[in-house]
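# Results of the structural survey
What follows is each chain in one-letter form.
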Amino acid sequence: MITARAAATFDPVARSVATARAFVRDTLQGWGYTDVVDDAVVLTSELVTNAVIHAGTAADVLCLRTEDGVRVEIADHYPEREIPLQPAALDLGSLDSENGRGLLLCAALASRWGVEYSPTRKHVWFQLDLPDRPVGVRSAGPLLPVGLLPVTDERVRVAVVQVDSEGAVAAWNDDAAYLFGYTADQVIGKQLTDFTAWPQTPGTSTGIADALRLSRWEGSYGIRGADGRTIPVYGSHLRVRDPQGEPSTVCLLVRDYERAVLQTPVRAPVSDTAESRKTDPFEVFIGSPAPDDLDGLLQRTVERARDMLDADAAFLLLATDDETELEVRATTGLPSARQRFARVPVEAGTGRYGSARMPAVHEDLDAVPGAVPLLGNTGMRSVVTVPLKVEGRLTGSLGVAAEAAGRYSNEEALRLQFAADRIALAVESARLGELERLRRGSLSFLVEASDLLAGTLDRDQTLALMAQMTVPTLATWCAVYTIADPASDPELSYVLHEDEERIDGLKSLLTRISPPEPVRTPGARVWAAPSEAAHEAALRTSMRSIGIGDAGGLGSTTRTTLATAAAVGGETVVLPLVARNRVIGMLTLGKPSDDHFRQEILELAEDLSRRAALALDNARLYSERTAISQSLQRSLLPPGLPAVPNVEVDVIYRAAGEGNEVGGDFYDVFPIRDGAYGFAIGDVCGTGPEAAAVTGLARHALRLLAREGFAGPAVLERLNAAILDEGARSRFLTLLYGELWPQEDGSALLKVVCAGHPLPLRLRQDGSVEPAADPQPLLGVMEDLELYEQEFTLEPGDVLLCVTDGVTERREGTRMLGDDGLADVLAHCTGLTAGAVAARILRAVERFAAEPPSDDMAILTMRVPEPQ
């Protein structure tokens, strides 16, 4: 049953994809469906992209809320969409292909999805169901079909081995002899360690001897048989004592693949009654209701463990997927801000956590410093730690500590291990749920980040986006260093802090220390320099402040220094920005005092840094190309206009596009000899380097030939030959060339040749407008041109208007300004100066259409002023 709906339509433009994502996110969050927001945003992004980018039509997005989940429908209006006539197997194509990726994601993420066609639209929908239960709530496994039960031999052999208090074999049954090849006489009295292949890391204290001293233990190891082969076994050890009080250990051993015979079974489902919940060991330990989020569950666990053993502190660490490190996730009675997300190695290197895989009791940490790295300098003396394991895999470690020595024994270890076994599965389930949410949130984050970074080619804006995407989502503060070229030192280019009042102090601190070393090695590396410099500055400031009567006497500089030290006092990491096999900068992320980064955040930051590096390098290349193009464009235009006696001359030039292409329009006004001036306005076919070459050739050839004394037709004929000599690099050229002679009576004599160019228009004082020349063939097409020049006189008050086709071909839909439209605008310019006429023409062209001009424009006006 549909309980709510929300709909919106998005235009077929690129920015609509981000708008649609925001619409779906806001809608689902407003409905309280946060569990499925990230999946819905990712699927919407792909499907709306297909509609507005690939299909090129508007996209209709409809969100429907039901009691069980949400349904999102996206429709486009592509009129030529082919309707399938028969069912066929859906081919989603390659994972790397852009085509069909939206449907591939639907198949992977959605509970249900489908595609519906009609003659005028395609309709894609997907359904996302809400989770049946909150993350962290346990569920027992289903009953297995017979075909999936564990496979054993015809007879399951269980070796029973009894080991005395000294570790020597005291009993060896027939099944042990069958499995390992030794008779009882061969092994009784010998140490069990002589026959075991224990999976321990060299240099650690944990081994079979430790396991035999535990009250109860289960796990896998190996027994070396009589033939020299190691036989993997699964063992269940139980420590007992005889009537005389002597302890011994009974070991039950089976082949490892038959472990189901001995392994402690998964607890059966608990009936949903008040009485059964009271007897659930998990609920007894954690309390009811159990927290449904990982952090809440972990914090409740350490608090209950502390209370259960009357401890001063407790802590819980979670293992990485490869079990090589443990990450601090919850503490009580300890400085949690200093420890949260800190990592310690397991059984390797300095400060190792050697007791992570086995229960351990440390009676006095002062006697074994560093045994539990987490508790260094905390005042704790006695500690008991137990592993959290799921299906034999280390998933974490739970520990409690007391300030007094000798507080704990094996009895407390057994109690704590029992509690750890009860909550291990729930913790692992909640951890996997958190990782899944982080993964989906990361995917959504990277989709939006890529969209934002791809939307700009401005270097400064790219730097700002990089920082704004990381703060505060990934870090408390961020600094971006850039490297101009391999020979340059890193330069601090952008600094951002989530508290704007800290930015200046942070920037001042970072400018006083050497930048991080630019290393190409991928991944985040710790950079201690900012934290050390901040602490040193805070120490010096505090020492100078000694003797001040009260805190109110502290100056603003002192407060800023202390605040900066707190802001950067945590962990700082550096990620390289590598693009096109070159380090172009570093992304620096920081945390406040004594805080650490989560590994998942660092991995997400690494993904972001790769995308940001490419966007930053693209912006750099674009800026360089734009600068080169603008410099080349300036070189193709005259540096200035000469002062022509008794004639007003003005030019307006507007290049279209984004500034990274050299335009084909050009103009020039130059002196030829005393009393004579040349002028030209032209348009080379096309844009870019080839057009620029012809433009440069034309402008410089005109000046050279005119100053050699050639008349207008001869100048253009020789220029035409020079263009044709360029061969394949030649371009068509329309050109209006003329010569101007100011006269003593205040008029001006002009001789012009119009080679395929829009005709010059003459405005008389009475407001009449007429062409001032006849059209002739353009240049760069035919070898033999017969051109002629036309002569006329501009009387005082007359205006000559010369433009390129970017003016006359200005369009709005099917309408075009044209020669007649230009003449109408010019007719209303009587009495205006040359500059005012050019400005009015430009304003009329810009107002003719709503869209910006798509072609270059050059406007050259000459006016003979009236006598004063």
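The structure we're discussing is the one just above.
What comes next is a walk through the structure. (Residues numbered from 1 in each chain as written. Predicted model: local features only at pLDDT ≥ 70, side-chain atom pairs only at ≥ 80, totals over all residues. Heavy atoms only, no water.)

The helix and strand inventory of the chain stands at 21 helices and 34 strands. Across the 868 residues in the chain, those meeting the buried criterion constitute 47%. For the chain, the share of sequence-separated contacts (at least 6 apart) that also reach a separation of at least 24 residues comes to 62%. For the chain, the exposed area adds up to about 42,300 Å²; of that, 51% sits on carbon and sulfur atoms. (Helix = DSSP H or I, 4+ residues; strand = E, 2+ residues; numbered from the N terminus. Buried < 20%, exposed > 50% of the residue type's maximum accessible area, 1.4 Å probe, protein only. Contact = heavy atoms within 4.5 Å. Areas by Shrake-Rupley, 256 points an atom, 1.4 Å probe, with all protein chains shown as cover.)

Taken together, the 5 strands give an open sheet; going across it, the order is β1-β2-β3-β5-β4, and neighbouring strands pair in antiparallel fashion. With one partner strand each, in any of the chains shown, β1 (2-10) and β4 (112-118) form the two edges of the open sheet. Each neighbouring strand pair of the sheet contributes to a mean axis angle of 15°, computed without reference to strand direction. In the sheet, strand β2 (residues 59-66) pairs with strand β3 (residues 69-76) via 6 bridges, with the strands oriented antiparallel. Looking at β3, one finds that L64 is bridged to R71. Across the sheet, helix α1 (residues 15-31) lies against β1, β2 and β3, angled at about 165° from β1, the strand it touches most. (Pairing = 2+ DSSP bridges. Axes fitted to C-alpha atoms, helices over the stretch in contact; angles between N-to-C directions.)

Moving on: the sheet that holds strand β9 (residues 216-224). Two modes of strand pairing occur in sheets, parallel and antiparallel, and in both the strands are linked by backbone hydrogen bonds. Sheet architecture is open: 6 strands sit in the order β7-β6-β11-β10-β9-β8, paired in antiparallel fashion. Every other strand in the sheet has two partners, leaving β7 (169-172) and β8 (196-197) as the edge strands with one partner each. Note that β8 and β9 share 2 bridges and pair antiparallel. From the neighbouring strand, T196 faces β9, where its bridge partner is I223.

This part takes up the nonpolar core. Within the largest apolar cluster, 54 residues are counted, with the highest numbers of intra-cluster contacts made by L716 and L779. What L716 contacts, discounting residues up to four positions off in sequence, is L702, L735, Y737, V753, A755, L779 and L787. Counting 49 residues, the second-largest nonpolar core is a separate cluster that includes M466, I483, I503 and W527. (Core = buried A, V, L, I, M, F, W, Y, C linked by side-chain atoms within 4.5 Å.)

What follows concerns the pattern of salt bridges. Under the definition given, this model contains 31 salt bridges. Its salt-bridge partner being R255, residue E258 comes within 3.9 Å of it at the nearest N-O pair. With relative accessibility at 18%, the residue R255 sits in the buried group. Taken together, the salt bridges that share partners define one network made up of D39, E436, R439 and R440. (Salt bridge = Lys/Arg side-chain N within 4 Å of Asp/Glu carboxyl O.)

Another aspect to go through is helix α20 (residues 818-827). For α20, every residue scored as buried is listed here: G818, G821, L822, A823, V825 and L826. Contacts from the buried residues of α20 go to β28 (761-763), β29 (769-771), β31 (799-803), α19 (805-808), β33 (815-816) and α21 (834-847).

The next point concerns the packing of aromatic side chains. On inspection of all chains with the given rule, the structure shows 7 aromatic pairs. Taking the centre distance of 5.1 Å and the plane angle of 65° together, the rings of Y182 and F195 count as edge-to-face. Pair noted here: Y182 is in the loop between α4 (174-180) and α5 (184-187) and F195 is in the loop between α5 and β8, with a separation of 13 residues, a long-range link. What makes Y182 buried here is its relative accessible area of 15%. Look at F195 and you get buried, because its relative accessible area is 7%. By the ring-pair criterion, three or more aromatic residues cluster together here, those being W172, F180, Y182 and F195. Directly above the aromatic system of F418 lies the positively charged group of R422, at a separation of 4.7 Å from the ring centroid. Taking NZ or CZ as reference, R815 lies 4.3 Å from the ring centre of F848, over its face. (Phe/Tyr/Trp six-rings, centres within 6.5 Å; stacked < 30°, edge-to-face > 60°. Lys NZ or Arg CZ within 6 Å of the ring centre and 35° of its normal.)

So, about the side chain of T734. In this structure, T734 sits in strand β26 (residues 733-742). Of note is the side chain of T734, whose polar atom sits 3.1 Å from the side chain of H757. Apart from residues lying up to four places away in sequence, T734 is in contact with I681, G682, D683, A755, G756, H757 and L778. (Polar contact = N/O pair within 3.5 Å; in protein donor to acceptor, adjacent residues only side chain to side chain.)

Everything listed is a geometric property; what it means functionally is a separate question.
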